[in-house]
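# Observations on the model geometry
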Amino acid sequence: MFGVPLVMIVVEEFEDLLSPNFDTLESLREARKEGCDPYLILLANGLQTSRLLRFGDRYRILDTRAKYIMLYDYRLFHSDLHYIWKRIVNVIFLRYHNKITGILKSKAWFDLSTVPFPNPIKKVFVSRRVDIWRNGRFHYNRTLFADKTSDLNGEVLDVVYLDHVPSVVVTMSNDSNKVGGVEIEILNTLSEKMNFVPKLYEPINADIYKWGRKLPNGSFSGLLGEMVNGNADLALGNLQYNPYHLELTDLSIPYTSQCWTFITPEALTDNSWKTLILPFTLYMWIAVLLVLLITGMIFYGLARYYINLQEFKKQNRLENDKKQVYDDTDAKPVGLYLFGQIINSILYTYGMLLVVSLPKLPTGWSIRLLTGWYWLYCILLVVSYRASMTAILANPAPRVTIDTLKELIDSKVTCGGWGTETKKFFEQSSDEIQKIGQRFEEINDPFEAANKVAKGIYAYYDNEDFLKYISVKRKNVMVNVDKESFNDTMNITEVAPSSDSERNLHIMSDCVVNIPISIGFHKNSPLKPLADKYLRRIVEVGLVEKWLNDAMYTIKSLEQNENEIKALMNLKKLYGAFIALAIGYILSFICIIGELIHWHCIVKRDPNYDKYAMDIYYMKKNKKQ
């Protein structure tokens, strides 16, 4: 025979098992640690047994899913203990009967009964007979510990839910709520396999209490309150697989893992007024300006050289042939007037840079060669500029976002989320995110939090899918998008109107933590082992991923449409062109004012000025120069 662990506990008749002594407690812990499957409780005092069961259930000292054999006592079936028999269902009550009076050959016999699971216990507990032990054998030969969870015989199970995308999605349909989502699909599959009928309901004031919190009197509100009080058999609502929830309820194996992060405001980076200078970097612009100035000066130098050379040749011809008369003594060589003055040289060089052709090709092979090569430079530069400009105008404007925890910590924006436990998570962290906990605020309404994020003063913490939902929903509500699919999927709530000063919402790409998500059962639920088995199969065949995509389809499609709209051309992107035009108007206005001042204050006061002989005045002026 194989040896099996055996733990035996002898209990004094006066010992209070609701607060057992050290030896009894250590023995119970050792039995749980060794995985003892059957518990044989031979306590004649039913009060002691009931207090032991209550203690073992409260602190999980006893394995409620193990097999129990105990003596029958009516005190075990008091209404205060009915919740125990919803958790300990693999139990056999032994009831001893003396021999039948009046029959000499009759012998004592035992009645073996159990709890009526899955049938609900009404006001009075009525046990169900399993078998009878008489004359050294069983009368019916039934299985004593049959699996009671594989077929729940169509019993109605109370299921509390909380609207939280994508686990549970509540939609409006003909003035009634229609509940869907990933966990609802899982529930429907479990109900079909385990043969039960789910009865869905929301906790009282679910929009305020949500998952619930511990009240000053020790009770719990919200969804967790329904589970702790034993009002519900299952709980749906994106329950995180963490020690806090495991202490209050039983959780199934995680069916998915979610990225929990922050939704943060984007910086207001409207740089459309810099559109004309964005194609090149600062150093590139400096190089372009230096080349423009240097090339303009070279053109001017070469033009002056050819002008002086032509003047020298003309003087030589006049000295050699004094009889030759020139009527255009002031005429300059063809085309050299373009670069004869430094200002004109810079302007025409700048014009070539803008791909504006010269009015006349200058003489002089050195200037012509320089002009040709400078044109090649201008073509390459202009093509590069146009290509970069096209990319800037065609693509969405660059966004300054918060994508890492370090950036969030350095930003100094206020962080917030739901629940005290979330705040404790950040405060008790051992790394630098503890600084987030110091400025973390609790907030109940996610859409109120989204409005604060849009103002640039807040960052809201939740799972990535839910953050996408509130971001897309808020934008579509505020721009009054009339999409039937959106209205069928999301409930419309009160959202503050949008303003031009509000910032776009951005989901941080860096996950704070990846949290497993589970379905909740009431504490020590007998349904959990078989539900875990089915849930594991559901995950393995990929149904959870498919249901998740279905729940997020409308949200993702609206998000993609919004991104496509951002890439279109709009008037805002052309601010730079209007600013450049405005600068040109201002400079032209200043120049014309300067010319008027020069005309009235200098030209008209010149002694040689004669308004009836302007050509003579300017001829003398040019000779002086």
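Basis of the calculations
Residues numbered from 1 in each chain as written. Predicted model: local features only at pLDDT ≥ 70, side-chain atom pairs only at ≥ 80, totals over all residues. Heavy atoms only, no water. Pairing = 2+ DSSP bridges. Helix = DSSP H or I, 4+ residues; strand = E, 2+ residues; numbered from the N terminus. Expected span 1.5 Å × (residues − 1). Buried < 20%, exposed > 50% of the residue type's maximum accessible area, 1.4 Å probe, protein only. Polar contact = N/O pair within 3.5 Å; in protein donor to acceptor, adjacent residues only side chain to side chain. Contact = heavy atoms within 4.5 Å. Axes fitted to C-alpha atoms, helices over the stretch in contact; angles between N-to-C directions. Parallel < 35°, antiparallel > 145°, perpendicular 65-115°, else oblique. Left-handed = near helix turned anticlockwise from the far one by under 90°. Core = buried A, V, L, I, M, F, W, Y, C linked by side-chain atoms within 4.5 Å. UniProt positions renumbered as here; feature names shortened; annotations may be inferred.

On to the pairing of strand S5 (residues 128-134), then. In this sheet, S5 lies alongside strand S4 (residues 109-114) in antiparallel orientation, the contact comprising five bridges. Residue Asp111 lies in a different strand from S5, and its bridge partner there is Ile132. Where S5 folds back onto strand S6 (residues 137-138) in an antiparallel hairpin, the turn is made up of two residues, including Asn135, whose phi is positive at roughly 55 degrees.

Turning our eyes to something else, we now look at helix H2 (residues 46-58). Helix length check: H2 (13 residues) gives 18 Å between terminal C-alpha atoms against 18 Å at 1.5 Å per residue, within 8%. Within H2, the full set of buried residues consists of Gly46, Gln48, Thr49, Ser50, Leu52, Leu53, Phe55, Gly56 and Asp57. Between a side-chain oxygen at the N-terminus of H2 and the backbone nitrogen of Leu47 the separation is 2.9 Å; the capping residue is Asn45. Once H2 finishes, Arg60 follows within two positions and takes phi at roughly 55 degrees, a positive value.

What follows deals with the environment of Thr24. Assignment of secondary structure puts Thr24 in helix H1 (residues 22-34). Of the residues examined, Thr24 reaches a relative accessible area of 5% and is grouped as buried. Separated by 16 residues in sequence, Thr24 and Met8 place their C-alpha atoms 9.6 Å apart. Aside from chain neighbours lying at most four places away, what touches Thr24 is Ile9, Glu15 and Leu17. A distance of 3.1 Å separates a polar atom in the side chain of Thr24 from a polar atom in the side chain of Glu15.

This part covers the side chain of Asn463. Topologically, Asn463 is positioned in strand S16 (residues 458-463). For Asn463, a relative accessible area of 0% puts it in the buried group. At 3.2 Å, the side chain of Asn463 forms a polar contact with the side chain of Asp462. Among the polar contacts listed, one links the side chain of Asn463 to the backbone nitrogen of Phe466, at a separation of 2.8 Å. Excluding residues within four positions of it along the chain, Asn463 makes contact with His164, Val165, Pro166, Asn238, Gln258, Cys259 and Trp260.

Close contact between helix H7 (residues 282-320) and helix H8 (residues 342-353) brings their axes to 8 Å; oriented N to C, the two are set at 130 degrees. As summarised for this structure, H7 and H8 are arranged oblique, according to the angle between their axes. Crossing hand, H7 versus H8: right-handed. Contacts between H7 and H8 involve Val288, Leu292, Leu293, Thr295, Gly296, Met297, Phe299 and Tyr300 from the former and Ile342, Ser345, Ile346, Thr349, Tyr350, Met352 and Leu353 from the latter.

Counting residues in each nonpolar core, the largest one holds 71 residues, and the members touching the most others are Trp85, Phe262 and Ile436. Considering every element that reaches this core, the biggest residue donor is helix H3 (residues 182-194), with six residues. Core analysis: the next-biggest nonpolar cluster, separate from the first, contains 21 residues, Ile263, Tyr458, Tyr469 and Leu505 among them.

Before going further, it helps to examine the UniProt feature "transmembrane region" (unreviewed entry) in the protein chain. UniProt's feature table lists "transmembrane region" (unreviewed entry) at residues 282-307, 334-353, 373-394 and 574-599, given in the numbering used throughout. Secondary structure content for residues 282-307 is 100% helix and 0% strand, and the end C-alpha separation is 38 Å. Annotation note: span residues 373-394, helix share 100%, strand share 0%, distance between end C-alpha atoms 32 Å.

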